[in-house]
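Coordinate inspection notes
Chain by chain, the residues:
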Amino acid sequence: MLRTIAIDAALSFSRMLVAYGCSLVFAIVYGVTAGRSKRAERVMIPILDVLQSVPVLAFFPAAVYFFIALARGGRLGVEMAAVFLIFTGQAWNMAFGVYEAVTTLPSDSTEACAAFGLSPWERFRRLELPASVPKIVYNSILSWAAGWYFLVACEIISIGKSSYSLPGLGSFIQKAMEAADMGGMLAGIGALVAIVILLDLLVWRPLTIWAEKYRFEFTAAAVGESRIFDLYRSTGVARSVGGVVDRFWAALDRPIARIARLPRLSPAGRVFHVLRVLWRTLFVLLAAAGALAILAVIVSFLRPPIPVEVRKIPAALLFSFCRLLVAYVISLCWTIPLSLWVGENDRVARIVTPVAEVAASIPATAFFPLIVFFVVRSLGSVDLAAVLLVLTGMQWYLLFNALAGARQVPGEMKEMTRSFGLRFPARARKAILPAMTPSLITGSVTGWGGGWNALILSEYVTYGRRVYETPGIGQLLVRATVSGNVRLLVWSIVAMVLLISLLNRFVWRRLYAAASVRFRIDA
Amino acid sequence: MLETARATAGEVPRSTEAPAPLSLSLRNVTKDYELPTGPLSVVEDVTIEVAGGEFLALVGPSGCGKSTILRMMAGLIPPSSGAVLYNGAPIGGVNMDCAMVFQSFALLPWLSVLENVQLGLDARGLPAEERRRRANFYIDKVGLDGYEEAYPRELSGGMKQRVGFARALAVEPKILLMDEPFSALDALTTINLREELIDLFRDPEIRISIAILVTHSIEEAVELADRVVVLSSHPGRVLADRRIGLPRPRDRRDPAFNDIVSEIFSLIT
């Protein structure tokens, strides 16, 4: 079994790596393009906004159909669908991160680039890319967590009569769970958790510290510590990795820089200028065309005959919404007090932050069957199990944003409340909670996004050849997938996306706009 | 200066019933911070005695720990070794007889001017009526009459710091601590605000006994304080403790004023 696990782990990891590579390239190209040009921004950012608020898992069946058709059946199509799904869980927030970094560059630095006559490529290389590094690293951590979450869910998919399965840790765990093989399941989960923790220790934590030097802030922020990072530095690992990256960069940089330096009016320069404009236009057109094509396909499925089950959609949405609301309230009830405590006490912060980071990056999807098994067994409620599952997909976003919010409260403000003798409840009410509000709203938006995703997996769970289900939009969606009812599937997805978009537009965005005026802290 | 200032303003010192003599002192105080590279000493073996009626300025280059000393006096942070004594007894925790004015104003942007000024009064459990009266009184004193309902973001830097002063004065502290109160302001605003600060201290209705100002401007220290303590940097140690005997109001063009400034300046560089 150990051998199977090792091979499966390697396969799953390579899937993640491919998806992440695509996400990284996509994020940098998309983010920089959108960040540089106002015209591109107007098209690209709304698209990204919609993509980000769409529950990825809802699209998985559709993606599988598409890729299997593309690869004319067979494993490659499923493989591509899985990578695509992971990609859709990783790319958007990274692209937003790059876009934010490019648009919030201090104007004196962009002006300096213009004044020194840097070409667009040099500007990218010297300014935009380095300035994006902290955001890229931070979002990469989130993206990997999301990637694992989806990986577990997408290595096995059944549509209609056919069931596709990819060898990997996710399918290993799912097969164990379908066979009710507790030992195998625990071994699979153990391997997954071990990989996540190792990645965090060996890669992400050192990278986070390295990324600090690219931060555009002049106040001394608390830089975390990592023994591993110190080890990399003292043993020369950091230097040799840096050497490889540098050589790779130089190989890429030299030819492009030579092209970029061509005088604008020379024949070759003109050609490249035209190419560049073409590329930019093409990119924007492609993005728009892709969006339109997807829209057209969706509309074709919405046309009559309308399946009868569509009548159930409103009630299903309501049930699911209530489940999310309960999970949201539970999340707030523990994340806010914890964040306040962490904000008050540095020692607690040093313990809680890394623990929370690791806990959040362990994919809860791997635990779903276990949770269902125990909750249904001991409490007899599928509903409660569904709420708990949604909670696992929602709470971390709230926790991280609440923690970040509590950390952002300026030191002088905290000292001020203490020096005037405000005790803890008053201090939280008057100073810290208001200061945290914008972050909490951001966390709520992403948390609800994660919640909707988890919902799809929460209302219909298979464990040991038994299906545990509870009425909701997730149940409807999975049932439609399992029975191969594509029209119902599309109707459910559209209804769900519509509700999410409406909530974002009319609740969260308004709240955020109000909060960012009232609760902004400007130095 | 508080006594001297009043004397030059032609006033009789106000103490009819003898107030208990106030004292604030640091005895051999050291403050270390734990860094990954080992402990870093920010303040080392500092002894300062401040008596009631004194205006003390702490000057020194950045990194001399002057703000740290101020925070230890307020009881916001404990010393690593040594003792901070208030009226002869070691302070444990925040000293409620102190009020502090901050470099970045530390106003709460979601509260109005009135609510910001009332903040310290809320913590002291005063009745609502009295809180309002006092807050309005001190808002008037700092010249912000009519801005009670404004929010900090609608105010200029100078006005924000006036709110900071009003908030500190409103708790009617015995000790006023000021952490570089003017360094976030432009030069002209600073000059005006300094003069108003001198006027405030002359005001018989403001009963502050000890004032401590942290600044990196030697001129500011010499203009305002009765006594200047000069600190060295990395770690902070007392280099000199000098009484400023110049008569008030002080004139920056006075050669004696400049002599003192250059004397302190040569100590630091």
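Right above here is the structure, for reference.
The model shown is predicted, which means the values in this text are computed figures rather than measured ones. (Residues numbered from 1 in each chain as written. Chains lettered and ligands numbered in written order. Predicted model: local features only at pLDDT ≥ 70, side-chain atom pairs only at ≥ 80, totals over all residues.)

Let's talk about the overall build of chain B
Looking only at helices and strands, chain B has eight helices and ten strands in total. For 269 residues, the compact-globule estimate of 2.2 N^0.38 gives 18 Å, and the C-alpha radius of gyration of chain B, at 18 Å, lies within 12% of that figure. Along the longest, intermediate and shortest principal axes, the C-alpha atoms of chain B span 50 × 50 × 40 Å. The buried share of chain B, reckoned over its 269 residues, is 40%. In chain B, of all internal contacts separated by at least 6 residues, the share reaching a separation of at least 24 is 71%. (Helix = DSSP H or I, 4+ residues; strand = E, 2+ residues; numbered from the N terminus. Rg over C-alpha atoms; globule rule 2.2 N^0.38 Å. Buried ≥ 20, exposed ≤ 12 C-beta atoms within 10 Å, placed from the backbone. Contact = placed C-beta atoms within 7 Å.)

Re the interface of chain B and chain A
The interface is formed by 20 residues belonging to chain B together with 21 residues belonging to chain A. Those elements that provide at least two residues to the side of chain B that touches chain A are strand S6 (98-101) and helix H3 (113-122) of chain B. Take the side of chain B that touches chain A: its biggest share by element is three residues, from H3 of chain B. In the side of chain B that touches chain A, the residues fall into 15 nonpolar, two polar and three charged. (Nonpolar A, V, L, I, M, F, W, Y, C, P; charged D, E, K, R; others polar.)

Section: the sheet that holds strand S8 (residues 210-215) of chain B
Each strand in a sheet pairs with another by means of backbone hydrogen bonds, the pair being arranged parallel or else antiparallel. Residues and elements named next belong to chain B. Pairing within the open sheet is mixed, and its six strands lie in the order S6-S7-S8-S3-S9-S10. The sheet terminates laterally at S6 and strand S10 (238-243), the two strands that pair on one side only. Neighbour to neighbour, the strand axes of the sheet diverge by 15° on average, direction disregarded. Two strands pair when backbone bridges link them, and strand S7 (residues 175-179) and S8 are joined in this way by five bridges, in the parallel orientation. (Pairing = 2+ DSSP bridges. Axes fitted to C-alpha atoms, helices over the stretch in contact; angles between N-to-C directions.)

Some details on helix H4 (residues 128-141) of chain B
Residue and element names in this part refer to chain B. Counted at 1.5 Å a residue, the expected span for H4 with its 14 residues is 20 Å, and the 20 Å between its end C-alpha atoms agrees. Arg131, Arg134, Ala135, Tyr138, Ile139 and Lys141 are the residues of H4 that are buried. Take H4 and look down its axis: the buried residues cluster within an arc of 155°, on one side only. Here the buried face of H4 lies against H3, helix H5 (157-170) and helix H6 (187-202). Once H4 finishes, glycine 143 follows within two positions and takes phi at roughly 80°, a positive value. (Expected span 1.5 Å × (residues − 1). Arc of directions from axis to C-beta.)

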